Amino acid sequence: MGRVICDLTISVDGYSAGLGQTEERPFGDDGGDGSGGRLHAWMFDTPEENRTEVDRMSAAGAFVMGRNMFGPVRGAWDRRWNGWWGEDPPFHAPVFVLTHHAREPQPMDGGTTYHFVTDGIASALAQARAAAGDGDVAVQGGATTVNQYLAAGLIDELRLHIVPFTLDAGTRLFEGVPPLELEQVTSRSASLVTHVTYRVLS
């Protein structure tokens, strides 16, 4: 069985998104235009410098994400929404989306199929493990979803990509999570980010 891993980009003070998230500004008051471009500049402005980390993010056998990461639609599925990533999402594997509202699976180009899970984080993880086989399962986010998995003791490895600015408010990693024992596995600095990988011991 593979590991349960998580990659998350955060500000130095631990935020993965700012306040005031909307469809037009999915990352809210993120220190930029709300698109997450400043938080994720390390991926898009300096991709070759961070190729190893970028490639690792898409290498899992299955993915889990919260509904807020999937898109801005709240409540019942009253309009067609297939994620922020277009017709060929970057996952190329099954993606299990946490939601309170049932929906049929949505196949996309490139091997991605979105499955909508209404019975909680443990069920989503079990389905993702079955889909991944011996591969890893990646809990994509956002931070609220990651916090639920951390609090439940279900994350094996936490890969943080820490960008050198603060947001002061927003959606924060470790919010509501009890104390954790972490073992630092790797650390690498790049021009726009510091990559730190932790093994979650307890």
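Residues numbered from 1 in each chain as written. Predicted model: local features only at pLDDT ≥ 70, side-chain atom pairs only at ≥ 80, totals over all residues. Heavy atoms only, no water.

(A) Representation of the sheet that holds strand β4 (residues 94-98). Strands sit in the order β5-β6-β4-β3-β7-β1-β8-β11-β10 across an open sheet of nine strands; the sheet is mixed. Among the strands making up the open sheet, the edge pair consists of β5 (106-107) and β10 (182-189). Judged from the seven bridges that link them, β10 and strand β11 (residues 194-200) form a sheet pairing that is antiparallel. Directly across from glutamine 184, in β11, lies its bridge partner tyrosine 198. With respect to the sheet, helix α4 (residues 121-132) is in contact with β1 (4-11), β3 (62-66), β4, β6 (113-117) and β7 (137-141), its orientation differing from that of β4 by roughly 175 degrees. In the packing of helix α5 (residues 143-151) onto the sheet, contacts are made with β1, β3, β4, β7 and β11, and the angle to β7 comes to roughly 135 degrees. (Pairing = 2+ DSSP bridges. Helix = DSSP H or I, 4+ residues; strand = E, 2+ residues; numbered from the N terminus. Contact = heavy atoms within 4.5 Å. Axes fitted to C-alpha atoms, helices over the stretch in contact; angles between N-to-C directions.)

(B) A look at the pairing of β7. Counting buried positions along β7 yields five of five residues, so the element is predominantly enclosed. Alignment of β1 against β7, held across two bridges, turns out to be parallel. Directly across from valine 4, in β7, lies its bridge partner valine 137. Summarising the sheet, β3 and β7 pair through four bridges and their orientation is parallel. The residue of β7 that forms the bridge with valine 64 is valine 139. (Buried < 20%, exposed > 50% of the residue type's maximum accessible area, 1.4 Å probe, protein only.)

(C) Representation of the environment of serine 123 in the model. Structurally, serine 123 is set in helix α4. The exposure class of serine 123 is buried, given its relative accessible area of 18%. C-alpha separation for the pair serine 123 and phenylalanine 96, spaced 27 residues apart in sequence, amounts to 9.7 Å. A polar atom in the side chain of serine 123 sits 2.8 Å from the side chain of aspartate 119. (Polar contact = N/O pair within 3.5 Å; in protein donor to acceptor, adjacent residues only side chain to side chain.)

(D) Representation of the side chain of serine 16 in the model. On the secondary structure map, serine 16 appears in strand β2 (residues 15-17). If we skip the residues at most four places from it in the chain, serine 16 touches Leu8, Thr9, Ile10, Phe27, Leu39, Ala143 and Thr171.

(E) The packing of aromatic side chains, seen in detail. Taken as a whole and judged by the stated rule, the model has seven aromatic pairs. Where phenylalanine 70 meets tryptophan 77, the ring centres are 6.0 Å apart and the plane angle is 80 degrees; that geometry is what we call edge-to-face. Here phenylalanine 70 and tryptophan 77 have matching classes, each one buried. Measuring from ring centre to ring centre gives 5.1 Å for tryptophan 85 and phenylalanine 91, while their planes differ by 80 degrees; the resulting arrangement is edge-to-face. Relative accessible area serves as the criterion here: at 6%, phenylalanine 91 is assigned to the buried category. Through a chain of ring-to-ring contacts, three or more aromatic side chains come together here, namely Phe70, Trp77, Tyr114 and Phe116. Positioned over the ring face of phenylalanine 165 is arginine 38, at 3.9 Å from the centre of the ring. The ring of tryptophan 77 is capped by arginine 103, whose NZ or CZ atom sits 4.7 Å from the centre of that ring. (Phe/Tyr/Trp six-rings, centres within 6.5 Å; stacked < 30°, edge-to-face > 60°. Lys NZ or Arg CZ within 6 Å of the ring centre and 35° of its normal.)

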